[in-house]
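# Chains, contacts and geometry: an overview
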Amino acid sequence: MSKKQQRRVYSEAFKRMVVQEYEQGASVSELMRKYDIGGAHTIKHWVQKYGQQPYRTETVYIHTADDLDHVRRLQK
């Protein structure tokens, strides 16, 4: 049995809501988890299209093994 890949279609109102949360400081990772959005590129595209502010890059500095474990947990 093969899995069919679902294509999600989001309303413009939903996209604008996500962009607004992003511009208020939410991270892309948070928004992806909160709304079950498949990829960071999706949110980046919405920010470029609907946003008032430019897309910001996020840098994570890892100094210890605990930091690395924390980042891995966040990514899941």
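Just so you know, the residues in each chain are numbered from 1, in the order the chain's sequence is written. With the structure being a predicted model, the display of local features is reserved for residues of pLDDT at least 70 and the display and counting of side-chain atom pairs for 80 or more, all residues being used for whole-chain, interface and lining totals. Side-chain metrics in this entry use all non-hydrogen atoms of the structure; hydrogen atoms and water are not considered.

## So, the overall build of the protein
In DSSP terms, a helix is any run of H or I states spanning at least four residues, a strand is any run of E spanning at least two, and both are numbered starting from the N terminus. Scanning the protein from terminus to terminus reveals four helices and zero strands. Looking at the 76 residues of the protein, the share that counts as buried comes to 25%. By the convention used here, residues are in contact when the closest approach between their heavy atoms is within 4.5 Å. Sequence separation of at least 24 residues holds for 52% of the intrachain contacts in the protein that already meet a minimum separation of 6. Accessible areas in this description were obtained via Shrake-Rupley with a 1.4 Å probe; residue shielding takes into account the shown protein chains only. Element-wise, carbon and sulfur atoms account for 49% of the exposed surface of the protein, whose accessible area totals about 6500 Å². Note on exposure labels: buried denotes an accessible area under 20% of the residue type's maximum, exposed denotes more than 50%, and partly exposed covers the range between, all computed with a 1.4 Å probe on protein chains only.

## Quick notes on helix α3 (residues 40-50)
Of all the residues in α3, the buried ones are Thr42, Ile43, Trp46, Val47 and Tyr50. Relative to the axis of α3, the buried residues are bounded by an arc of 135° and lie together on one face. Exposed and facing more than 90 degrees away from the buried side of α3 are His41, Gln48 and Lys49. Where α3 is buried, its residues touch α1 (12-23) and α2 (28-35). To be clear, the arc concerns the directions from the helix axis to the C-beta atoms.

## Comments concerning the environment of glutamine 52
Here glutamine 52 lies in the loop between α3 and α4 (65-75). You can call glutamine 52 exposed: its relative accessible area is 72%. Residues glutamine 52 and glutamate 23, spaced 29 residues apart in sequence, show a C-alpha to C-alpha distance of 8.0 Å.

## Brief notes about the confidence of the model for the protein
How sure the predictor is of each residue is captured by pLDDT, a score from 0 to 100. Averaged over the protein, the pLDDT score is 85; the fraction of residues at 70 or greater is 89%. When mean pLDDT is compared element by element in the protein, α1 scores highest at 95, while α4 scores lowest at 80.

## Side note on the layout of surface pockets
Cavities and pockets were defined on a 1 Å grid built from protein atoms only: a cavity is a group of points that admits a 1.4 Å probe but offers it no way out, a pocket is an open group of points flanked by protein on both sides within 12 Å along at least five of seven lines, and a lining residue is one with an atom within 4 Å of any such point. Grid points are joined across faces, edges and corners, and a volume is the space filled by probe spheres set on the points. The space that makes up the largest pocket amounts to roughly 300 Å³. Top element by residues in the lining of the largest pocket is α3. It accounts for three residues. Tallied by class, residues from the lining of the largest pocket come to four nonpolar, four polar and four charged. As a working rule, the residues Ala, Val, Leu, Ile, Met, Phe, Trp, Tyr, Cys and Pro are called nonpolar, Asp, Glu, Lys and Arg charged, and the rest polar, with Gly in that last group.

## Some remarks on the pattern of salt bridges
Between side chains of opposite charge, pairing is possible as soon as their charged atoms come close. Salt bridges are defined by distance alone: a side-chain nitrogen of Lys or Arg within 4 Å of a carboxyl oxygen of Asp or Glu. This model, assessed by the stated rule, comprises three salt bridges. Taking the shortest distance from any N to any O, the salt bridge between arginine 8 and aspartate 36 comes out at 3.0 Å. Of this pair, arginine 8 sits in the segment before α1 while aspartate 36 is found in the loop between α2 and α3, placing the two residues 28 residues apart along the sequence. Arginine 8 gets classed as partly exposed once you look at its relative accessible area, which sits at 43%. Classification of aspartate 36 as partly exposed rests on a relative accessible area of 47%. Residue glutamate 21 pairs with lysine 34 through a salt bridge whose shortest N-O separation is 3.1 Å. Taken together, the positions of glutamate 21 in helix α1 and lysine 34 in helix α2 put the pair 13 residues apart, joining distant regions of the chain.

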